[in-house]
Every structure is written in structure tokens, then in C-alpha cells.
Amino acid sequence: MLPVPPVNSFASDNVAGAHPRVVEALLAANVGSAPAYGDDPWTARAVKRLRDLFGSDVEVYFTYGGTGANVVALQCLLAPHEAVICPATAHINVDECGAPERFTGAKLLDVPTQDGKLRPADVEALVRSLHGEHNVKPRVVAISQPTELGALYTLDELAALGDVAHGNDLLLYLDGARLANAVVALGCSVPQMTSQVGVDALTFGGTKNGLLYGEAVVFIRPGLGERARFARKQAGQLASKMRFIAAQFEALLHDDLWLHNAAHANAMARALAAELSGLGQVELMRSVEVNSVFARLPAALVPVLAEWSFFWTWDVGESVVRWMTSFATTEQDIAAFVEGVRYFVAGREGAQ
Ligand SMILES: Cc1ncc(COP(=O)(O)O)c(C=O)c1O
């Protein structure tokens, strides 16, 4: 009999609902009136929590979404004749409908990589190849931590990128849509992963870690956020009822909920990979570092499995799929999914 699909699918970490404590915080914030556009006590408290986490007076701007956060941040770092050096697989390059180019006017110089990780030599090579007003002027090195391929930069690798960026008068920008997953995986502090390795500005993700919606743009280097208020408004990312984004962040940052959520998601990905390893026809592609599992499946298996419980094909040509976990993933979800994989694998083997 066809197994029952998991309650929580493995399609992505943004298919999960919101964490109950975040929903409670929203309900608690839903009393009376409050000043709009961020002049409210929730926003002040959430900003303070983030500043405590960074251990400095970082500038914080909440936005609705991750693309919006990247757009707001990059707009503050770039002039239209400047350019961003990023891996070809970067979310800003492939998954944001060209929004960063549209809003900044700046070019993305996308570098092919093996694993989604940019190397100092990539930056050096590009910088050396560009000169004068006939070329764009590199200004930002943009990376995601973890990468879109679920890989982590070590702190040393980040520091090396920070050095090469600053050595060439570039800024280091970090897309931190899943920063929490990286922080727990590396067991480091937020400053160790950001200010201490030379990150100048970043996004701090909420949506993929238990919020209904909401991200934060964080400027570490003083002065970089000078235009942020205006950029955020122009990009349609200034929430009128800001208290509801801020209240969610306040809850997420209270009692380390953000770390617990991410640690759980990472552990669930490891558990999923462990359950699937050794299963015929499922080839796990790389070690699980955060909350994603990449696997190669026989091409014919992908559509039937995805129809049963949806997930994204990562690389159609290579028949590589991506399964993601979140704070909401349960051991029952893993058991149900693995049962389904076994069922469809057995069906194919029986048919052969
Ligand atoms: C690395 C990365 N950055 C940013 C985002 C945010 O995108 P969205 O605009 O969908 O919130 C995502 C979402 O998948 C992502 O994976």
C-alpha cells in the first residue's frame, strides 16, 4: 500500500509554518495601537537583542523577505558602475529575478565554483582582470553562509575572503538567510562568524528559522547603512506595522530559540541522510553540514517520489534532488519519508 506522506514535507525550510512561540509573540503584540514604521517598543527591543548578539552597535533594518533584504543591503553598498563578485550559484544571482541588478544598477560578476564557495583566488583573478572605466569596478564580495549547496565556509576561509576583499578595497557581504544553521554547525558566536572575519554587512534570516516572515539587514561597518532607510522604503520593504516583524524577532532571539530551531533542523537533516544512506538507488551527494540533503536518484524515480511528497529537483541534468529540514521536521516525518523512498525504490526494482 502507498505509504502516507510526511506531514512536514522536505521541499524547503520555508514550507514550514511559524514556531508556536513566534505565533504567541504575534498575538501578544496584537493589542492596542503602536507607532508605525518601526518607532515602536518591539522594534527597539528586537534591535537591542541583535546588537547584544553582535556585541556592538550594528545598524539593523527589518524587511519582509530575503530578496528584499539583499536588495536593501546591496543598494547601500554599491554605485551603479560598481560590481558584486559572487558564486554563480548565489541566490542573488539565480533566484531573485534580477532584483539586485535592477535596484542597484550594478553588475553581478558570477564565478563558477565546484561547491558554491568563492575562493580568495577567484576574487584576486577577477580584480586583476578589470581596470579603468571600460570595466565595472568591483566593490562587493558576496557570499552565502551556508551556501545554497549546503556547504559551510570555515572561519578561516571566511577570514581569508575578508582579507582579500579588504586588501582590494572591497566590502564583504554575507547572505545569512540561514546564518543560524551555520552558527550552530560551526559552534561559534555571531561575531566570530561576522565582524571578526571581516564581514561588513549581512542579512540575518528569520523566515527559514521559525518566523512567519521577516529578515534583518545588519550593517557592521559604521556608515554603510546611511542610505538604508530610504533604500528600504523604495524597495517596498518598510513594514507599516513593523511591530509584527519585530515581535517575531524578539521571540526568536529570546532564550536562544533561533539556535534551538537551527540545531534541530540540522540534526534532522543528518538523521534523514543516515536513514537514506545505503538505500539502493539513492546516492547521497555530499556530507550534511547544515539542514539540506542532496541526492542523486534514477531520473524515473524523481517525478513519482516528488508527486507523492513534493521536493525540488536541484539539477535536472544530473538528476540531483534537494531535501531540506526545518525546526518543524519530526522523526515521524523522516520515518514516513524514508518509507516512501523505500516503497518507490522497491517498486522500480520489482519492475526491472
Ligand atoms: C541563500 C538565500 N538567500 C535569500 C533567500 C531569501 O529569499 P526570499 O526572497 O524567498 O525570502 C533564500 C531563500 O531561499 C536563500 O536560500
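The structure under discussion appears in the preceding block.
Here we summarise the structure given alongside this text. It should be emphasised that the depicted structure is a prediction, and the values quoted were computed from it without experimental measurement.

For helix H13 (residues 301-308), the full list of buried residues reads Leu301, Val302, Leu305, Ala306 and Trp308. Projected onto a plane normal to the axis of H13, the buried residues spread over an arc of 155 degrees and lie on a single side.

This brings us to the packing of aromatic side chains. Counting across every chain of the model gives 15 aromatic pairs. Note on Tyr64 and Tyr213: the rings are 6.0 Å apart at their centroids and 35 degrees apart in plane angle, and the pair reads as tilted. A residue pair is termed long-range when its members are at least 10 positions apart, and Tyr64 in the loop between strand E1 (59-63) and helix H3 (66-77) and Tyr213 in the loop between strand E6 (201-205) and strand E7 (215-219) qualify at 149 residues. Overall, Tyr213 belongs to the partly exposed group, its relative accessible area being 28%. Plain terms: the ring middles of Phe204 and Phe249 are 6.4 Å apart, the flat faces sit at 55 degrees to each other, and that makes the pair tilted. Here Phe249 lies in helix H11 (residues 243-253) and Phe204 lies in strand E6, a separation of 45 residues in the sequence. Accessibility assignment for this pair places Phe204 and Phe249 in one class, buried. Here the basic side chain of Arg102 rests over the ring of Phe103, its NZ or CZ set 5.5 Å away from the ring centre.

This brings us to the pattern of salt bridges. Following the criterion strictly, the structure yields 9 salt bridges and no others. Across the salt bridge formed by Glu157 and Lys117, the nearest N and O atoms sit 2.9 Å from each other. In this pair, Glu157 sits in helix H7 (residues 155-167) while Lys117 sits in the loop between strand E3 (107-111) and helix H6 (120-129), placing the two residues 40 residues apart along the sequence. Note that Glu318 is salt-bridged to Arg296, the shortest N-O span being 3.0 Å.

Our next topic: the environment of Leu172. In this structure, Leu172 sits in strand E5 (residues 171-175). Sequence-wise, Leu172 and Leu77 are 95 residues apart; in three dimensions their C-alpha atoms are separated by 9.9 Å. If near-sequence neighbours (up to four positions away) are discounted, Leu172 is found in contact with Val141, Ile143, Leu158, Leu161, Gly162, Ala165, His166, Val197, Gly198, Val199, Asp200 and Ala201.

Cut-offs used in this document
- Residues numbered from 1 in each chain as written.
- Predicted model: local features only at pLDDT ≥ 70, side-chain atom pairs only at ≥ 80, totals over all residues.
- Heavy atoms only, no water.
- Buried < 20%, exposed > 50% of the residue type's maximum accessible area, 1.4 Å probe, protein only.
- Helix = DSSP H or I, 4+ residues; strand = E, 2+ residues; numbered from the N terminus.
- Arc of directions from axis to C-beta.
- Phe/Tyr/Trp six-rings, centres within 6.5 Å; stacked < 30°, edge-to-face > 60°.
- Lys NZ or Arg CZ within 6 Å of the ring centre and 35° of its normal.
- Salt bridge = Lys/Arg side-chain N within 4 Å of Asp/Glu carboxyl O.
- Contact = heavy atoms within 4.5 Å.

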